[in-house]
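Tertiary structure, described
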Amino acid sequence: MTDQHTIITISRQYGSNGQEIGRTLAEYLDIGYYNKKIMSVIANMMNISPEFFDDKNVNDLGLYNIESRGLFGFGKMAELSINTDVFEKASELIREISKREDAVIVGRCADYILKDNPNLISVFVYSDFEDRVRWSIEAYNAPEKKAKKILIDHDEKRAKFYQFYTNRDWGNASNYNIMINTSRVSVREAVELLALLYDEKKGHKSLKGGFVDQYIQHAELATPNPQDEGI
């Protein structure tokens, strides 16, 4: 008997609808949902502004940038030291969640942090590049060239962040239990599939669909906020 609950981690390409799958799944199963909430808790712990964790403050290495953030009180502390402290705190919170409740956790290298949890369901969500480009054009009201750059930049930062802290390749199928292509699978189909896997882990059928829209404030908007997307 383990004290670790069933956790579904969602890693995803930018614009692949992974966050929407995670939010909808958590509602469908009536379990916890964690995305930017984790970083808000850490901001309070470190007594800094949540704006520090905005994607706009992520450098080319996928790390949070402190060079222009003297207002947060870090002074001359090393960027790597700060980022390592943030990652360790996030890891601690994620492990605490896994011991407290069933939950969906989006991003934050949660699949790696909980890799030894026998009740883990790790998911990578991706979609055809052309579909993501169309999403980016509409979401950002951007020309095709800029829309492509937005996708590539976000994906590169996520990949570098993941590789830096896990020494594993982001998006490599061997790192996940299941890969979902949302160009071929709808949000509803993905949710129903993952709910079946959840039931297998639990060993019984769970009550589903009783708490729709309880996490609606986390939904991706038509004009996405990079802070809501997270790393």
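Before any of the text, the structure's been laid out above.
What you are looking at is a predicted structure, and each value in this text was computed from that prediction instead of being measured. (Residues numbered from 1 in each chain as written. Predicted model: local features only at pLDDT ≥ 70, side-chain atom pairs only at ≥ 80, totals over all residues. Heavy atoms only, no water.)

**Side note on the overall build of the chain**
This is how the line gets drawn: Under the DSSP-based scheme used, a helix requires at least four consecutive residues in state H or I and a strand at least two consecutive residues in state E, with every element numbered from the N terminus. Three exposure classes are used, based on accessible area relative to the maximum for each residue type with a 1.4 Å probe and protein chains only: buried under 20%, partly exposed in between, and exposed over 50%. In this description, contact between two residues means that some pair of their heavy atoms is separated by no more than 4.5 Å.
Counting its secondary structure elements, the chain contains 8 helices and 5 strands. Across the chain, helices and strands are ordered from the amino to the carboxyl terminus as β-α-β-α-α-β-α-β-α-α-β-α-α. Across the 231 residues that make up the chain, the buried fraction comes to 50%. Pairs at least 24 apart in sequence give 72% of the contacts found in the chain among residues at least 6 apart.

**Overview of the environment of Thr-24**
Summarising the element assignment, Thr-24 is placed in helix α1 (residues 18–29). Thr-24 sits 80 residues away from Val-104 along the chain, and the two C-alpha atoms are 9.8 Å apart. Non-local contacts of Thr-24, meaning those with residues more than four positions away in its chain, are made with Val-187 and Val-191.

**Comments concerning helix α2 (residues 36–46)**
Convention followed: Note that the arc is computed from the directions linking the helix axis to the C-beta atoms.
Where α2 is concerned, the buried positions are Lys-36, Ile-38, Met-39, Ile-42, Ala-43 and Met-46. Considered in projection along α2, the buried side chains sweep an arc of 145° and stay on one side of the axis. Looking one or two residues beyond α2, the residue adopting positive phi is Asn-47, at roughly 55°.

**Observations concerning the side chain of Thr-9**
Structurally, Thr-9 is set in strand β1 (residues 7–12). Beyond its immediate stretch of four places on either side in the chain, Thr-9 contacts Ile-105, Ala-110, Asp-111, Leu-120, Ile-121, Ser-122 and Val-123.

**Some remarks on the environment of Leu-80**
Here Leu-80 shows up in helix α3 (residues 79–100). Along the sequence, Leu-80 and Leu-63 sit 17 residues apart, while their C-alpha atoms lie 8.0 Å from each other.

**Points about the packing of helix α5 (residues 129–140) against helix α6 (residues 144–166)**
Under the convention used in this document: To define axes, lines are fitted to C-alpha atoms, for helices over the stretch in contact only, and angles between the resulting N-to-C directions are given on a 0 to 180 degree scale. An angle counts as roughly parallel when it lies under 35 degrees, as roughly antiparallel when it exceeds 145, as roughly perpendicular when it falls between 65 and 115, and as oblique in every other case. It is the rotation of the near helix from the far one that decides the hand of a crossing: anticlockwise by less than a right angle makes it left-handed, clockwise makes it right-handed. By the convention adopted, Pro, Cys, Tyr, Trp, Phe, Met, Ile, Leu, Val and Ala count as nonpolar, Lys, Arg, Asp and Glu as charged, and the other residues, Gly among them, as polar.
One way to put it is that α5 packs onto α6 with a least axis distance of 8 Å and a crossing angle of 110°. By the angle between their directions, the pair α5 and α6 is classed as roughly perpendicular. By crossing handedness, the relation of α5 to α6 is classed as right-handed. Along its contact with α5, which presents Phe-129, Arg-132, Val-133, Trp-135, Ser-136, Ile-137 and Tyr-140, the element α6 presents Glu-144, Ala-147, Lys-148, Ile-150, Leu-151, Ile-152, His-154 and Asp-155. Among the residues forming the contact of α5 with α6, the class breakdown is 9 nonpolar, 2 polar and 4 charged.

**What to know about the sheet that holds strand β5 (residues 178–181)**
Rule in force here: Strands are treated as partners if at least two bridges between them are detected by DSSP.
One open sheet holds the 5 strands; their spatial order is β2-β3-β1-β4-β5, and the pairing between them is parallel. Since the sheet does not close on itself, it has two edges, and those belong to β2 (32–34) and β5, each with one partner. Recorded for the sheet is a direction-independent mean angle of 20° between the axes of neighbouring strands. With 3 bridges joining them, β2 and strand β3 (residues 103–106) adopt parallel strand pairing. Opposite Tyr-34, over in β3, you have Ile-105 as the bridge partner. Contacts from α1 reach β1, β2, β3 and β4 (120–126), with the element oriented near 165° to β1.

**Observations regarding the nonpolar core**
Nonpolar side chains in soluble globular proteins generally cluster together in the buried interior. Formally: Side-chain atoms within 4.5 Å are what join buried Ala, Val, Leu, Ile, Met, Phe, Trp, Tyr and Cys residues into a set we call a nonpolar core.
Among the nonpolar cores identified, the biggest contains 29 residues, and Ile-7, Ile-38, Ile-42, Ile-94, Ile-97, Ile-105 and Leu-114 are the most heavily contacted of them. Looking at this core, the elements with two or more residues in it are α2, α3, β3, α4 (110–113), β4 and α6. Per-element accounting of this core gives the leading share, 7 residues, to α3. In this structure Leu-114 touches Ile-7, Ile-94, Arg-95, Ser-98, Ile-105 and Leu-120, once residues within four positions along its chain are discounted. Counting residues in each nonpolar core, the second largest holds 20 residues, with Val-104, Ile-180, Ala-195 and Tyr-198 among its members.

This is a description of form; function is not addressed.
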